[in-house]
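Coordinate analysis (summary)
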Amino acid sequence: LSRGERSPSARDWAGAIRELRQEGHDLHFMLRRIKMARSTYYYNIARLEPTDKYQAVRKRISEIFAQHHKRYGYRRICAQLRNEGYALNHKTVQKLMQEMHLKSVVRRVKYRSYKGEVGRVAANVLERDFSTQAPNRKWATDVTEFKWYDGPVCHKIYLSAILDLYDRSVVSYVISRRNDNKLVFQTFDKAIASNPDAKPIFHSDRGFQYTGRVFQTKLTNQEMEQSMSRVGHCIDNWPTEGFWGIIKSEMYYLQTFKDEKSLRSAIEKYIHFYNYERFQERFETRTPMEVRTEALNSSNPVLYPIPENKRIQKYKAKFAA
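Read on for an overview of the structure. (Residues numbered from 1 in each chain as written. Predicted model: local features only at pLDDT ≥ 70, side-chain atom pairs only at ≥ 80, totals over all residues. Heavy atoms only, no water.)

**Re helix α5 (residues 74-83)**
Rules: Exposure is judged per residue with a 1.4 Å probe applied to protein chains only, and the accessible area is read against the type maximum: over 50% gives exposed, under 20% gives buried, and values in between give partly exposed. Think of it this way: any DSSP run of H or I at least four residues long counts as a helix, any run of E at least two long counts as a strand, and we number them from the N terminus. Throughout, a contact is declared for two residues whenever any of their heavy atoms are within 4.5 Å.
Taken residue by residue, α5 has Tyr74, Ile77, Cys78, Ala79, Gln80 and Leu81 as its buried positions. At its buried positions, α5 is contacted by α4 (55-67) and α6 (90-99). Looking one or two places after α5, you find Gly85, whose phi comes out positive at around 105 degrees.

Below is the structure:
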């Protein structure tokens, strides 16, 4: 050896012997010449070829990620793995996903508001208090649009939905080509048909469908108290606006739709996925319908506090005074 070079270690010798064995040299002869025990050789070979203890986990993570069309981040994947019996920390799942270059869809935060004249239609009874102790005490609703293209021609369909603020489940929804009174009335009637005894605070924006006399009569007949967001304050109806962001980022923006049938089908499938399959960490990694079913069958439903979100608090301080 020249000055400054280190002498070969047992691992170096083991690697060299492994290469010579592949050329046909006798293992016993080589070990005897360098005076190395057979057990020492195999020990160092094992250190040269470390096994990946997360190999099975990596495969399952890839399967879950693909199964849910890139919608699940490391928290939801970790929750599903735990439900399947894997004992893993969410940080481990996050690290493995980073190594595998798997990144879930992240919804971009947008803020738009219209500073128009404020009409006195109904007070903001909800006052951004989105927590509640049981189902059917606070409902929120809104209408959003989806587009599909037939060549250069743009077509629209509209989705009206009602959310229960206890479990954030979609109580009812209707899809239509027209954003009119009939769309909102049908959504309301479906919600009452499945929850005939419900008398929640009913919150919406100041859309013409909700300010009309016919709809307000429906609320009165059901003994519901009406609540409305202030003009230019979309955050007053944050849960519904949040749901629109979720369905669009996790389904709509990931696909290209060229006909109405496929778009309608995708919306219906996603709402079923959201209600029955999409875990929510706030609900102890259960789905909205699991939480709702348990609460409706209990005399003392579990209270799920809304965790403080620093990003949302910063957003409120800046835009939503």
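Let us keep going from here.
**A look at the pattern of salt bridges**
Definition in use: We define a salt bridge as a side-chain nitrogen of Lys or Arg found within 4 Å of a carboxyl oxygen belonging to Asp or Glu.
A full pass over the atoms with the stated rule returns 16 salt bridges. The salt bridge partner of Glu260 is Arg177, with a shortest N-O separation of 2.8 Å. With Glu260 in helix α11 (residues 260-276) and Arg177 in the loop between β3 (170-176) and α7 (181-194), the pair connects residues that are 83 residues apart, well separated along the chain. The shortest N-O distance in the salt bridge between Glu250 and Arg278 comes to 2.9 Å. Within this pair, whereas Glu250 is found in helix α10 (residues 238-250), its partner Arg278 is found in the loop between α11 and α12 (288-296), the two being separated by 28 residues in sequence. Here Glu250 and Arg278 have matching classes, each one buried. In the salt-bridge network here, residues are joined through shared partners; they are Arg60, Glu63 and Glu84.

**A few points about unusual backbone geometry**
A positive phi angle, close to 55 degrees, is found at Lys35, a residue other than glycine. With respect to the secondary-structure elements, Lys35 resides in the loop between α2 (27-34) and α3 (38-48). Here Lys35 falls in the exposed class, since its relative accessible area comes to 78%. Although it is not a glycine, Arg168 sits at a positive phi angle of roughly 60 degrees. Mapping Arg168 onto the fold places it in the loop between β2 (153-164) and β3.

**Overview of the packing of aromatic side chains**
The cut-off we apply is this: Ring geometry is summarised as follows: Phe, Tyr and Trp rings, the Trp one being its six-membered ring, pair when their centres sit within 6.5 Å, and such pairs are stacked at plane angles under 30 degrees, edge-to-face over 60 and tilted between the two. Note on geometry: a ring has a charge over it if NZ (lysine) or CZ (arginine) is within 6 Å of the ring centre and within 35 degrees of the ring normal.
One pass over the structure, following the stated rule, counts 16 aromatic pairs. Taking the centre distance of 5.1 Å and the plane angle of 85 degrees together, the rings of Phe146 and Tyr252 count as edge-to-face. Remark: Tyr252 occurs in the loop between α10 and α11 and Phe146 occurs in strand β1 (residues 138-150); sequence separation between them is 106 residues. Following the ring pairs from residue to residue traces out a cluster consisting of Phe185, Phe188, Phe202, Tyr210 and Phe215. Geometry around Phe185 places Lys218 over its ring, the cationic atom sitting 5.5 Å from the centre.

**Some points on the nonpolar core**
Cut-off, in case you're wondering: Grouping buried Ala, Val, Leu, Ile, Met, Phe, Trp, Tyr and Cys residues that are joined through side-chain atoms within 4.5 Å yields what is termed a nonpolar core.
Formed by 38 residues in total, the largest nonpolar core has its most connected members in Ile61, Ile77, Val93, Ile247 and Ile267. Ranked by the residues each element gives to this core, the list is headed by α11, at seven residues. Setting aside chain neighbours within four positions, we find Val93 in contact with Ile61, Tyr74, Ile77, Cys78, Leu81 and Leu88. Counting residues in each nonpolar core, the second largest holds 20 residues, with Tyr158, Ile192, Phe202 and Met224 among its members.

**With respect to the environment of Gly245**
Locating Gly245 in the fold gives a position in helix α10. Classification of Gly245 by relative accessible area gives buried; the value is 15%. With 138 residues separating them along the chain, Gly245 and Arg107 place their C-alpha atoms 6.6 Å apart.

**Observations regarding the pairing of strand β4 (residues 201-204)**
Here is the rule we go by: Criterion used throughout: strands pair if DSSP finds at least two bridges between them.
Burial along β4 is two-sided: Ile201 and His203 and Phe202 and Ser204, pointing in opposite directions, are all buried. Two strands pair when backbone bridges link them, and β1 and β4 are joined in this way by three bridges, in the parallel orientation. Paired with Trp139 across the strands is Phe202, a residue of β4. Two elements, β4 and strand β5 (residues 225-228), share four bridges in a ladder whose sense is parallel. For His203, the partnering residue across the bridge sits in β5 and is Ser227.

**Some words on the sheet that holds β1**
Operational definition: For helices, the fitted line uses only the C-alpha atoms of the stretch in contact; every axis is such a line through C-alpha atoms, and the angle between N-to-C directions lies from 0 to 180 degrees.
If you trace the five strands from one edge of the open sheet to the other, you get β3-β2-β1-β4-β5, paired in mixed fashion. Here the strands that pair on one side only, and so sit at the sheet edges, are β3 and β5. Taking the axes of each pair of neighbouring strands and ignoring which way they run, one obtains an average angle of 25 degrees across the sheet. Together, β1, β2 and β3 form the strand contacts of α10, whose direction differs from that of β1 by roughly 30 degrees.

**What about the packing of α2 against α3?**
Quick note on the threshold: For classification, angles of less than 35 degrees are called roughly parallel, those exceeding 145 degrees roughly antiparallel, those between 65 and 115 degrees roughly perpendicular, and all remaining angles oblique. The classification used treats Ala, Val, Leu, Ile, Met, Phe, Trp, Tyr, Cys and Pro as nonpolar, Asp, Glu, Lys and Arg as charged, and all other residues, Gly among them, as polar.
One way to put it is that α2 packs onto α3 with a least axis distance of 10 Å and a crossing angle of 105 degrees. One way to sum up the angle between α2 and α3 is to call them roughly perpendicular. Listed contacts from α3 to Leu27, His28 and Leu31 of α2 are Arg38, Tyr41 and Tyr42. Of the residues that constitute the contact of α2 with α3, the class distribution is four nonpolar, one polar and one charged.

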